[in-house]
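Chain residues, written in single-letter form:
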Amino acid sequence: MKISTYIKIIIAILAAVLLLAGFFWVRDLTKDDHFTLGSDTQINVTPTQIMSIKAIGEWEFLAVNAEELVDTVRKGFFSDDELVRIYYGTLRLGIDMSQLEPEWIEASGDSVMLMLPKVGLLDTDFIDEARTKPFFESGRWSAEAKEAMYKKAYRQMKAHCLTKENLQAAQANGEEQMRNMMRSMGYKNIKITWKN
């Protein structure tokens, strides 16, 4: 046989292989099990995201600085003893994320509903004793008398700072912060309710 005959046979075999490969390729394209590219507009809150939100712990929405002047007088036979002290503190208002209910977040599409715990005082140890100053002191005062003054300052700070207005301001700040976080996760319709 001539070389040209060999070349014709090789070309015929290659053509047959290409024809078969083309046939199988077209068949595979027309099957239902092929994949397509697309986008999913559904936003899903993952357990990891929920855990990372809960891991925030205490979330402060408002800090209220307080200063209280507290005095006491002890009547004496010849003269009166007086003690006046100034107490300073910072009351932090917010929510404790560990108080979130198991179903505190419900998401559907680009909408999310949140149920948040009541805003309250985050830390009950808010008086800064290092900054407490004696303003005026006459006579000798026991540790019990000074402790009674501390407790009076504590009650006064709570009464002056845990007002309806401050709690509402803290809740409004918290709602805005939570909305911003949900928007950054892709949610557009955000409904927030607070526990009483």
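First things first, this report covers the structure right here in the doc.

Parameters at a glance
Residues numbered from 1 in each chain as written. Predicted model: local features only at pLDDT ≥ 70, side-chain atom pairs only at ≥ 80, totals over all residues. Heavy atoms only, no water. Salt bridge = Lys/Arg side-chain N within 4 Å of Asp/Glu carboxyl O. Helix = DSSP H or I, 4+ residues; strand = E, 2+ residues; numbered from the N terminus. Buried < 20%, exposed > 50% of the residue type's maximum accessible area, 1.4 Å probe, protein only. Phe/Tyr/Trp six-rings, centres within 6.5 Å; stacked < 30°, edge-to-face > 60°. Pairing = 2+ DSSP bridges. Axes fitted to C-alpha atoms, helices over the stretch in contact; angles between N-to-C directions. Contact = heavy atoms within 4.5 Å. Expected span 1.5 Å × (residues − 1). Arc of directions from axis to C-beta.

### Notes on the pattern of salt bridges
As enumerated under the stated definition, the model contains four salt bridges in all. In this structure, the salt-bridge partner of R92 is E60, at a minimum N-O distance of 3.2 Å. You can see R92 sitting in strand β2 (residues 81-96) and its partner E60 sitting in strand β1 (residues 58-74), a full 32 residues away along the chain. Judged by relative accessible area, R92 falls into the partly exposed class, the value being 24%. One network of salt bridges, with partners in common, ties together E58, E60 and R92.

### As for the packing of aromatic side chains
This model, assessed by the stated rule, comprises four aromatic pairs. Relative to F61, the ring of W59 lies with its centre 5.5 Å away and its plane at 50 degrees, an arrangement referred to as tilted. In this structure, W59 and F61 share a single accessibility class: buried. Look at Y87 and Y150: their rings are 6.3 Å apart centre to centre, the planes differ by 75 degrees, and that puts the pair in the edge-to-face class. On the criterion of sequence distance, the pair formed by Y87 in strand β2 and Y150 in helix α3 (residues 143-161) is long-range, its members being 63 residues apart. Each member of the pair, Y87 as well as Y150, carries the same accessibility label: buried. Members of the aromatic cluster, joined through ring pairs, are W59, F61 and W194.

### Considerations on the sheet that holds strand β4 (residues 111-116)
The strand order β3-β4-β7 describes an open sheet built from three strands, whose pairing is mixed. Unpaired on one side and paired on the other, β3 (105-108) and β7 (189-194) mark the two borders of the sheet. Across the sheet, the mean angle separating the axes of adjacent strands is 10 degrees when strand polarity is ignored. Contacts from helix α4 (residues 164-184) reach β3, β4 and β7, with the element oriented near 145 degrees to β7.

### Some details on α3
Over its 19 residues, α3 extends 27 Å from the first C-alpha to the last, a length consistent with the 27 Å expected when each residue adds 1.5 Å. All of the buried residues in α3 are M149, Y150, A153, Y154, M157 and C161. One face of α3 carries all of its buried residues, which in axial projection span an arc of 145 degrees. In α3, the exposed positions angled more than 90 degrees off the buried face are occupied by E144, R155 and A159. The inward-facing, buried residues of α3 abut β1, β2 and α4.

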